[in-house]
Amino acid sequence: MDYQHLILEREGHILTCRMHNPPNQTLNTQMLYELHDMLNAVEQDEDLRVLVVTGTDDVFLRWMELTEMQSLAHGERQIDIPSVINANHTLARRIEALPVVTIAAINGNVGGGGCEFSLSFDFRLMKDSPTATFALPQSSFGLVPGGSGAWFALKYLGRAKALDILLHGEFLQPRTALELGLISRLYSEDEFDSEVKAFAEKFAARAPLAMRGIKRLINAGTNQDQLNFMAEEAKEIMKIIVSEDAQHALDMWISNPDPEAYKPQFKGK
C-alpha cells in the first residue's frame with residue numbers, strides 16, 4: 001500500500017512512523033486506514049521490538065478531521081459512522097495488543113481524536129513546547145469521545161479526574177498532563193528527539209520475550225471489560241453526532257476556529 005500520510009523509517013529493531021497531513025495535521029479516515037495497514041506489517045514482524053509514532057511540524061495530531069465530523073453530523077455520510085467508529089476502536093485495541101513496546105512521541109499539539117489515539121500507546125513522550133497542549137475537548141463541540149478516550153481517561157485517572165477532564169474539555173499544558181499521568185515523560189524542545197531515540201533504544205536492547213510477556217499480563221489484568229465499554233461508546237457517539245448541538249458547534253468552529261470567538265449556544269437537542 002502506498003501511503004499518503006505515513007512516512008516509515010526502520011533502524012534495527014525500531015520502526016518510526018511519522019504522520020503527515022498538512023496543513024492541519026488532522027486524523028482523517030485515509031490516515032486511519034493507513035495506520036491499520038501499517039499495523040498489519042508490525043504484527044507480522046518478529047524482529048521488531050519498538051514502534052514509535054510521531055507527528056510533523058510541532059503537531060502530533062490536532063484532532064479527527066473536523067470537516068469529516070461535520071459531514072457525519074449533517075447526515076451526509078451517516079452510513080459511515082459505524083465503520084469509522086469501529087476502525088477507531090479496533091486501532092486502539094490493536095496498538096494495545098501489539099507485542100512490541102509502543103511509544104507515542106508527541107512532538108507538539110495533540111487534541112481530540114489525536115489525543116485518544118495517543119492514549120492507546122504504552123508510553124507518551126511529549127515535547128515541552130510553550131505552545132503545546134494536550135486536550136480531550138469533545139464536550140466543547142457537543143460531542144463525546146469516539147476513539148476510546150473515555151475508557152483511557154477512566155483507566156489512567158480514575159472516575160473523579162476523568163469526569164473533570166472530559167466534562168471541562170480544557171486544553172491542558174504539558175506539565176499538567178504529566179502531573180495527571182496522561183503522559184509518561186516530558187522533554188525539553190532541544191532534547192526531545194534525542195531523548196525519544198534513547199528511550200526507544202533502551203527497550204530495543206531489552207529481552208523481547210520478557211517485554212512481550214509483561215505486556216500480555218498487564219493487558220489481561222486491565223482490559224477485561226473494554227469491548228463492552230466500546231460498544232456503549234459507539235451507541236453514544238452515533239446518537240450525539242447527528243444532534244443539532246453537534247451540528248451547530250462544528251459549523252461554528254470550522255467557519256471560525258478562534259477560541260475567543262467560539263461561543264456556541266447549546267439547546268440540548
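What counts as what
Residues numbered from 1 in each chain as written. Predicted model: local features only at pLDDT ≥ 70, side-chain atom pairs only at ≥ 80, totals over all residues. Heavy atoms only, no water. Helix = DSSP H or I, 4+ residues; strand = E, 2+ residues; numbered from the N terminus. Buried < 20%, exposed > 50% of the residue type's maximum accessible area, 1.4 Å probe, protein only. Contact = heavy atoms within 4.5 Å. Areas by Shrake-Rupley, 256 points an atom, 1.4 Å probe, with all protein chains shown as cover. Pairing = 2+ DSSP bridges. Phe/Tyr/Trp six-rings, centres within 6.5 Å; stacked < 30°, edge-to-face > 60°. Axes fitted to C-alpha atoms, helices over the stretch in contact; angles between N-to-C directions. Salt bridge = Lys/Arg side-chain N within 4 Å of Asp/Glu carboxyl O. Polar contact = N/O pair within 3.5 Å; in protein donor to acceptor, adjacent residues only side chain to side chain. Arc of directions from axis to C-beta.

S.K.: Requested: an account of the overall build of the protein, with residues and values cited.
M.R.: When its secondary structure is counted, the protein shows 11 helices and 10 strands. Buried residues in the protein amount to 51% of all 269 residues. For the protein, the proportion of contacts with a sequence separation of at least 24, taken over those separated by at least 6, is 76%. For the protein, the exposed surface amounts to about 12900 Å²; the carbon and sulfur share of it is 52%.

S.K.: Account for the sheet that holds strand 8 (residues 134-135), naming residues and giving values.
M.R.: The strand order across the open sheet built from 4 strands is 4-6-8-9, with neighbouring strands paired in mixed fashion. Each end of this open sheet is capped by a strand with a single partner; those strands are strand 4 (59-61) and strand 9 (171-172).

S.K.: I'd like to hear about the packing of aromatic side chains, residue by residue, with values.
M.R.: This structure, assessed with the given rule, holds 6 aromatic pairs. Ring plane angle 20° and centroid distance 6.2 Å describe the contact between F60 and F117, whose orientation is recorded as stacked. Residue F60 is found in strand 4, and its partner F117 is found in helix 4 (residues 112-118); the two are separated by 57 residues along the sequence. The exposure class assigned to F117 is buried, which follows from its relative accessible area of 6%.

S.K.: Any chance you could break down the environment of E46 for me, citing the residues and the numbers?
M.R.: Examined against the element boundaries, E46 turns out to sit in the loop between helix 1 (29-44) and strand 3 (50-54). Distance in space between the C-alpha atoms of E46 and V100 is 9.2 Å, their sequence separation being 54 residues.

S.K.: Tell me what's going on with the sheet that holds strand 7 (residues 123-127), and back it up with residues and numbers.
M.R.: Taken in spatial order, the 6 strands of this open sheet run 1-2-3-5-7-10, and their pairing is mixed. The sheet terminates laterally at strand 1 (6-11) and strand 10 (185-187), the two strands that pair on one side only. If you compare each strand with its neighbour and ignore which way they point, the axes differ by 20° on average. As defined by bridge partners, strand 1 adjoins strand 2 (residues 14-19) across 6 bridges and the pair is classed as antiparallel.

S.K.: Break down the pattern of salt bridges for me, citing the residues and quoting the values.
M.R.: By the definition in use, this model includes 8 salt bridges. K215 is the salt-bridge partner of D122, the closest N and O atoms lying 2.8 Å from each other. Of this pair, D122 sits in the loop between helix 4 and strand 7 while K215 sits in helix 9 (residues 208-222), and the two are 93 residues apart along the sequence. Of the charged contacts, one joins R175 and D128 as a salt bridge, the two residues approaching to 4.0 Å between their closest N and O atoms. One end of the pair, R175, is in helix 7 (residues 174-180); the other, D128, is in the loop between strand 7 and strand 8, and 47 residues separate them in sequence.

S.K.: Run through the pairing of strand 7, naming residues and quoting values.
M.R.: With 4 of 5 residues buried, strand 7 is to be regarded as a mostly interior element. Across 4 bridges, the pairing between strand 5 (residues 101-106) and strand 7 is parallel. Within strand 7, the position partnered with I106 by the bridge is M126. In this structure, strand 7 lies alongside strand 10, joined through 3 bridges in parallel fashion. Bridge pairing links L125 to R185 in strand 10.

S.K.: Summarise the side chain of H36; cite the residues concerned and give the values.
M.R.: With respect to the helices, strands and loops of the structure, H36 is situated in helix 1. The buried category is assigned to H36, whose relative accessible area is 12%. Reaching out from H36, the side chain makes a polar contact with the side chain of R94 at a distance of 3.0 Å. Residue contacts for H36: discarding those within four places in its chain leaves A87, T90, L91 and R94.

S.K.: Go over the environment of E43, please, and point to the residues and values.
M.R.: Along the chain, the position of E43 falls in helix 1. Through-space distance from the C-alpha of E43 to that of P99 is 7.7 Å; in sequence the pair is 56 residues apart.

S.K.: So, helix 6 (residues 159-168): which residues are in play, and what are the values?
M.R.: Within the sequence span of helix 6, burial applies to A162, I165 and L166. Buried residues of helix 6, viewed axially, fall in a sector of 90°; they line one side. For helix 6, the exposed residues lying more than 90 degrees away from the buried face are A160 and L167. Phi for G169, located one or two positions after helix 6, is positive at around 60°.

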